[in-house]
Amino acid sequence: MRDSPNIIVTGTPGVGKTTHCETLAQRTGLRHVSVNQVVKDKECHEGWSDEFQSWIVDEDKLLDSIEEDVKAGGCIIDWHACDLFPRSWIDLVIVLRVNSSTLYDRLTARNYAEAKLQENLDSEIMEVLLQEAREAFEEDIVIELMSNTSDEMESNVDRIVTWVKQWKHDNASDAKRS
């Protein structure tokens with residue numbers, strides 16, 4: 001049994017995943033696991049895609065490289081996908097969403113190429129990552145949160161911190177009964 005939960009924070013690029021994860025890590029003591037950083041640092045990729053300006057992730061290498069940490073618990077996994085992670089590893093899936101004009105502004109500020117910008121806007125509009133999360137995990141652990149403003153982000157973090165405290169309380173009680 002883990003002492004701390006594992007959480008995935010997912011959503012299209014530009015929804016505020018990293019901001020949420022960094023703040024959550026500070027407030028909860030959980031570890032922020034940036035998949036992008038793991039892919040780079042541990043070479044969990046099959047090379048660079050010029051078309052998408054990103055690494056081509058080797059999912060098996062990625063899972064192998066984080067398995068020990070995640071099984072120990074206390075990880076906040078920050079990535080735009082969630083369906084590759086085993087259900088047994090994850091206690092909560094947060095799908096961050098933004099309105100299309102906010103996303104457009106954020107991705108334009110990042111100088112995204114037009115094709116990459118359009119692909120991400122389409123993904124957000126079509127709720128691709130939300131549906132992926134709902135198909136990959138039990139519905140009761142998938143939470144959709146809006147992330148358009150700093151107030152929404154702060155409220156989201158407060159809500160997740162409360163959830164973490166409750167999870168720890170509930171699981172401490174379960175451990176005592178075993």
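Residues numbered from 1 in each chain as written. Predicted model: local features only at pLDDT ≥ 70, side-chain atom pairs only at ≥ 80, totals over all residues. Heavy atoms only, no water.

S.K.: What's the story with helix 5 (residues 114–125) in this structure? I'm lost.
M.R.: In an α-helix, one turn spans 3.6 residues, which is why side chains three or four residues apart end up on the same side. In this model, helix 5 (12 residues) spans 16 Å end to end at C-alpha, consistent with the 16 Å of a helix rising 1.5 Å per residue. Taken as a whole, helix 5 has its buried residues at Lys116, Leu117, Asn120, Leu121, Ser123 and Glu124. Buried residues of helix 5, seen end-on, are gathered within an arc of 160 degrees and therefore sit on one face of the element. The exposed residues of helix 5 that point more than 90 degrees off its buried face are Glu114, Ala115 and Ile125. Glu127 lies just past helix 5 and shows a positive phi near 55 degrees. (Helix = DSSP H or I, 4+ residues; strand = E, 2+ residues; numbered from the N terminus. Expected span 1.5 Å × (residues − 1). Buried < 20%, exposed > 50% of the residue type's maximum accessible area, 1.4 Å probe, protein only. Arc of directions from axis to C-beta.)

S.K.: Got a minute to help me understand the pattern of salt bridges in this structure?
M.R.: Any two side chains of opposite charge can pair if their charged atoms end up close together. According to the stated counting rule, one finds 8 salt bridges in the structure shown. Across the salt bridge formed by Glu67 and Lys71, the nearest N and O atoms sit 2.9 Å from each other. Residue Glu67 and its partner Lys71 are located together in helix 3 (residues 59–72), separated by 4 residues, close to a single helical turn. Residue Glu67 is classed as partly exposed on the basis of its relative accessible area of 28%. Here Glu124 ties to Arg97 by a salt bridge, and the two come within 2.7 Å at their closest N and O atoms. Of this pair, Glu124 sits in helix 5 while Arg97 sits in strand 6 (residues 92–97), placing them 27 residues apart in sequence. Looking at Glu124, the relative accessible area reads 5%, which means it is buried. The exposure class assigned to Arg97 is buried, which follows from its relative accessible area of 10%. (Salt bridge = Lys/Arg side-chain N within 4 Å of Asp/Glu carboxyl O.)

S.K.: Help me understand empty space enclosed by the protein, please; the structure alone is not making it clear to me.
M.R.: Think of a ball as big as a water molecule: rolled over the atoms, this probe shows where empty space is left. The full count for this structure, using the stated rule, is 1 cavity of 30 Å³ or more. Looking at the largest cavity, its volume works out to about 40 Å³. Around the largest cavity sit Gly11, Thr12, Val95, Leu96, Arg97, Ser123, Glu124, Glu127, Val128, Leu129 and Leu130, which together line it. Counting residues per element, the ones that place at least two in the lining of the largest cavity are strand 6, helix 5 and helix 6 (128–136). Grouping the constituent residues of the lining of the largest cavity by class yields 5 nonpolar, 3 polar and 3 charged. (1 Å grid on protein atoms, 1.4 Å probe; cavity = no way out; pocket = protein on both sides within 12 Å on 5 of 7 lines; lining within 4 Å. Points joined across faces, edges and corners; volume = space filled by probe spheres on them. Nonpolar A, V, L, I, M, F, W, Y, C, P; charged D, E, K, R; others polar.)

The analysis is restricted to geometry; functional conclusions fall outside its scope.
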